[in-house]
Amino acid sequence: MTATLEVSDGVGTILLDRPPMNALDVATQDRLRELAEEATRRDDVRAVVLYGGEKVFAAGADIKEMQAMDHTAMVVRSKALQDSFTAVARIPKPVVAAVTGYALGGGCELALCADFRIAGDNARLGQPEILLGLIPGAGGTQRLARLIGPSRAKDLIFTGRHVKAEEALTIGLVDRVVPAAEVYEQAHAWAAKLAKGPALALRAAKESVDAGLETDIDTGLTIERNWFAGLFATEDRERGMRSFVEEGPGKAKFL
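Rules of the game
Residues numbered from 1 in each chain as written. Predicted model: local features only at pLDDT ≥ 70, side-chain atom pairs only at ≥ 80, totals over all residues. Heavy atoms only, no water. Core = buried A, V, L, I, M, F, W, Y, C linked by side-chain atoms within 4.5 Å. Buried < 20%, exposed > 50% of the residue type's maximum accessible area, 1.4 Å probe, protein only. Helix = DSSP H or I, 4+ residues; strand = E, 2+ residues; numbered from the N terminus. Expected span 1.5 Å × (residues − 1). Contact = heavy atoms within 4.5 Å. Polar contact = N/O pair within 3.5 Å; in protein donor to acceptor, adjacent residues only side chain to side chain. Axes fitted to C-alpha atoms, helices over the stretch in contact; angles between N-to-C directions. Left-handed = near helix turned anticlockwise from the far one by under 90°. Nonpolar A, V, L, I, M, F, W, Y, C, P; charged D, E, K, R; others polar. Phe/Tyr/Trp six-rings, centres within 6.5 Å; stacked < 30°, edge-to-face > 60°. Patch = residues over 30% accessible without salt bridge, like charges linked within 9 Å, V, L, I, M, F, W, Y side chains within 5 Å. Areas by Shrake-Rupley, 256 points an atom, 1.4 Å probe, with all protein chains shown as cover. Salt bridge = Lys/Arg side-chain N within 4 Å of Asp/Glu carboxyl O.

Enquirer: Help me understand the nonpolar core in this model?
Expert: Nonpolar side chains tend to gather and get buried jointly when the protein is soluble and globular. Ranked by size, the top nonpolar core spans 45 residues in total, and within it Leu50, Phe57, Leu125 and Leu173 carry the most contacts. It is helix 3 (residues 71–89) that contributes the most residues to this core, five residues altogether.

Enquirer: Is there a simple way to think about helix 3 in this case?
Expert: Given 3.6 residues per helical turn, the α-helix brings residues three or four places apart onto the same face. If you check helix 3, its first and last C-alpha atoms are 27 Å apart, about what 19 residues at 1.5 Å a residue would give, namely 27 Å. Arg77, Leu81, Ser84, Phe85, Thr86, Ala87, Val88 and Ala89 are the residues of helix 3 that are buried. Those residues of helix 3 hidden inside the fold are in contact with helix 1 (26–41), strand 3 (47–51), helix 4 (106–112), helix 5 (140–148) and helix 9 (199–213). If you check the start of helix 3, you find a side-chain oxygen 3.3 Å away from the backbone N of Thr72, and it comes from Asp70.

Enquirer: For this particular structure, what's the right way to read the packing of helix 1 against helix 3?
Expert: The description of two packed helices rests on the angle between their axes and on the distance between the axes. Where helix 1 meets helix 3, the closest approach of the two axes is 8 Å, and the angle between their N-to-C directions is 35°. Our pair here, helix 1 against helix 3, has a crossing hand that is left-handed. Within the contact between the two elements, helix 1 uses Val26, Gln29, Asp30, Leu32, Arg33 and Ala36 and helix 3 uses Arg77, Leu81, Asp83, Ser84, Ala87 and Val88. Across the contact of helix 1 with helix 3, the residue classes tally to six nonpolar, two polar and four charged.

Enquirer: Teacher, can you tell me more about the packing of aromatic side chains here?
Expert: The description of an aromatic ring pair uses the distance of the two centres, along with the angle that the planes make with each other. Counting across every chain of the model gives three aromatic pairs. Seen from their ring centres, Phe228 and Phe232 are 5.5 Å apart, and the 75° between their planes marks the pair as edge-to-face.

Enquirer: I keep staring at a nonpolar patch on the surface and nothing clicks. Help me out?
Expert: A contiguous nonpolar surface patch, about 260 Å² in accessible area, is contributed by Ile63, Leu132 and Leu134. For Leu134, the position within the fold is in the loop between strand 7 (124–126) and helix 5. Residue classification places Leu134 among the partly exposed positions, given a relative accessible area of 38%.

Set out below in structure tokens:
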């Protein structure tokens, strides 16, 4: 297997396992889609960690495999490539990327699919496709610009340069920098905390933010309003409000 899904404490860890650099070949791309769909289906998975191991997150696509593809082959494959990453981005549960070492090209694009990114102090991120005469093809031109703004995204995409962890934090490409040895532990702790929260409300929050970013403010407010009202039909809402009234804030326990 090029990637696996391991579950503990309500957290599903999608672990890339293609030594030495976790190059994202076609088989790994397809496997990521399968695991994202499995994590979406499983009730025992309430939050997700994306992890490449202690040394490297993912150093990008398998260039030798790509070199053998012509235009016709890539016309067919590019949709499947994007669909695999979109499946990760659309997991309706909190997702955190635990980034150690290189997260380049497709590796950076995979991290962009997460809701939150915790990077080791040894992390290096970037979109170097321009150095191959290409552009990012797994969502990099879209998700990166939405995350850090078009000007900063163009800087990284036009130059192909790598950014170290501290610069990535400064420009908003990652959300926290920790010692490399603590990356997975902290990512799992973040996910485990959210895994104890109200699953439907978390799903509603994620879908409201993500869908709202793709549309105008009025449509976004309609999406928010519909989710907000709909949550009044859930047991989690009853449990949360009852606990607040009887015990005070922050003490509710959700199933």
